[in-house]
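# Structural characterization, general
Below are the chains, spelled out letter by letter.
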Amino acid sequence: MAEIQLKHVYKKYDDGVTAVSDFNLQIEDKEFVIFVGPSGCGKSTTLRMIAGLEEISQGELFIDGKQMNHVPSCDRDIAMVFQNYALYPHMTVAENMAYSMRLKGVSKKDRRKKVEEVAQILGLSQVLDRKPAELSGGQKQRVAMGRAIVRHPKAFLMDEPLSNLDAKLRNQMRVEIMKLYRQLDTTFIYVTHDQTEAMTLGTKLVVMKAGEIQQIATPEELYNEPANLFVASFIGVPQMNFFHGKCGIDKEKHAVVRVEGQTFHVSEDLEKRIYEKGYMGEEVIVGIRPEDMVVLPDESEEGLEAKINVYEMLGAEAYLYFDCNGESRAIRIEAESKIRKGDRVRYTFQEERIHLFDPRRENRI
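Only a predicted model underlies this, so the values are computations on that prediction, with no experimental measurement involved. (Residues numbered from 1 in each chain as written. Predicted model: local features only at pLDDT ≥ 70, side-chain atom pairs only at ≥ 80, totals over all residues. Heavy atoms only, no water.)

A word on the pattern of salt bridges. The tally for this structure, following the rule as stated, stands at 13 salt bridges. We note a salt bridge from Asp64 to Lys154, for which the minimum N-O separation is 3.1 Å. Linking Asp64 in the loop between strand S4 (58-63) and strand S5 (66-67) with Lys154 in the loop between helix H4 (137-149) and strand S7 (155-159), this pair joins segments that are 90 residues apart in sequence. Relative accessible area serves as the criterion here: at 30%, Lys154 is assigned to the partly exposed category. Its salt-bridge partner being Glu317, residue Arg332 comes within 3.7 Å of it at the nearest N-O pair. Here Arg332, found in strand S19 (residues 327-334), pairs with Glu317, found in strand S18 (residues 317-324); they are 15 residues apart in sequence, far enough to count as distant. (Salt bridge = Lys/Arg side-chain N within 4 Å of Asp/Glu carboxyl O. Helix = DSSP H or I, 4+ residues; strand = E, 2+ residues; numbered from the N terminus. Buried < 20%, exposed > 50% of the residue type's maximum accessible area, 1.4 Å probe, protein only.)

Below you can see the structure in the form of structure tokens.
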């Protein structure tokens, strides 16, 4: 069991830099929580504070209800997997995996038994007598995870464990990590800047920017209900498209948003929020994801016009890129489409999928 709570946690360095600011998070037992954000946002620093590798400048950390601020890392009963594997080069795979048990005085027989059990789970049985230099990147990462697993910790902490692997191995290891999570049935905390890893692995995501939490939500909630412009632009590939618009009203007294001379209706929920929050007649930022934009038939005179400057084929689907007011936009289309670079198209929005943001505060309306 590992419930982890951070209350008003700060990390401040002697040079005046605040790496983490007022961090509040409740991690329930057996959750797979992911800290995601751009480089330098404080996610690894937060993980290291949980691990006891960084001091907490201010605030409190609790593990299973016990305050851990001043408890040494070795006494927190958590295991950490590092980006660079941190394997001992002079030891075999088996010796690396058994090292923590050896320090605790576990018998050689019991160490070997546990190592063999974990090696079987991780597909390392055939390489237990090899040194790290003889292993592939994927095997090294499995050894690093195996060394953590044999300890039976309350929680696993992983700091960008797949960043040194190539694309194919990353995909394979994502599947392996998810299998491990289900088998071990314990708490995972995982740091990444790769949103694909975040969206596919996590049960709860913590999006960070400049040391502050921007949103805590499930992958589905982050994608469909981003809290602000940063989350909307960070989550999703290609990112959400943004347009300048203005809220108004049509002849039937329904709320609409006008973008570059075109009028779009909005969902009932968004219409209600426009009225309740006082945005009628106000300028807004209109967000729409590439898959929620629709290319109109050639003969159509409705919608907005664009000249395609990039065509990107991705197998079952393709993306069209065009510039609008100096910024790149993207539309997802079927791979069978004949539209290519240089073509002119007219497009519209799926109105029920429109997002609105406050241009000054940048929060979602």
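Back to the write-up after that little detour.
Within the secondary structure, Arg329 sits in strand S19. A relative accessible area of 4% places Arg329 in the buried class. Among the polar contacts made by the side chain of Arg329, one reaches the main-chain carbonyl oxygen of Phe242 at a distance of 2.6 Å. A distance of 3.4 Å separates a polar atom in the side chain of Arg329 from a polar atom in the side chain of Glu327. If we ignore the near neighbours within four places in the chain, the residues touching Arg329 are Asn241, Phe242, Phe243, Leu320, Tyr321, Phe322 and Cys324. (Polar contact = N/O pair within 3.5 Å; in protein donor to acceptor, adjacent residues only side chain to side chain. Contact = heavy atoms within 4.5 Å.)

The next point concerns the packing of aromatic side chains. Using the criterion set out here, one finds 13 aromatic pairs in the structure. When the centroid spacing of 5.2 Å and the interplanar angle of 45° are considered together, the rings of Phe243 and Phe349 count as tilted. In this pair, Phe243 sits in strand S11 (residues 241-249) while Phe349 sits in strand S20 (residues 344-349), placing the two residues 106 residues apart along the sequence. Accessibility assignment for this pair places Phe243 and Phe349 in one class, buried. (Phe/Tyr/Trp six-rings, centres within 6.5 Å; stacked < 30°, edge-to-face > 60°.)

The next subject is the sheet that holds strand S6 (residues 78-81). Taken together, the six strands give an open sheet; going across it, the order is S6-S7-S8-S3-S9-S10, and neighbouring strands pair in mixed fashion. Each edge of the sheet is formed by a strand with only one pairing partner; in this case those strands are S6 and strand S10 (212-217). With strand direction ignored, the average angle separating the axes of adjacent strands in the sheet is 15°. Looking at chain direction, strand S9 (residues 204-209) and S10 are connected through five bridges and run antiparallel. Counted as the bridge partner of Leu205 is Ala217 from S10. (Pairing = 2+ DSSP bridges. Axes fitted to C-alpha atoms, helices over the stretch in contact; angles between N-to-C directions.)

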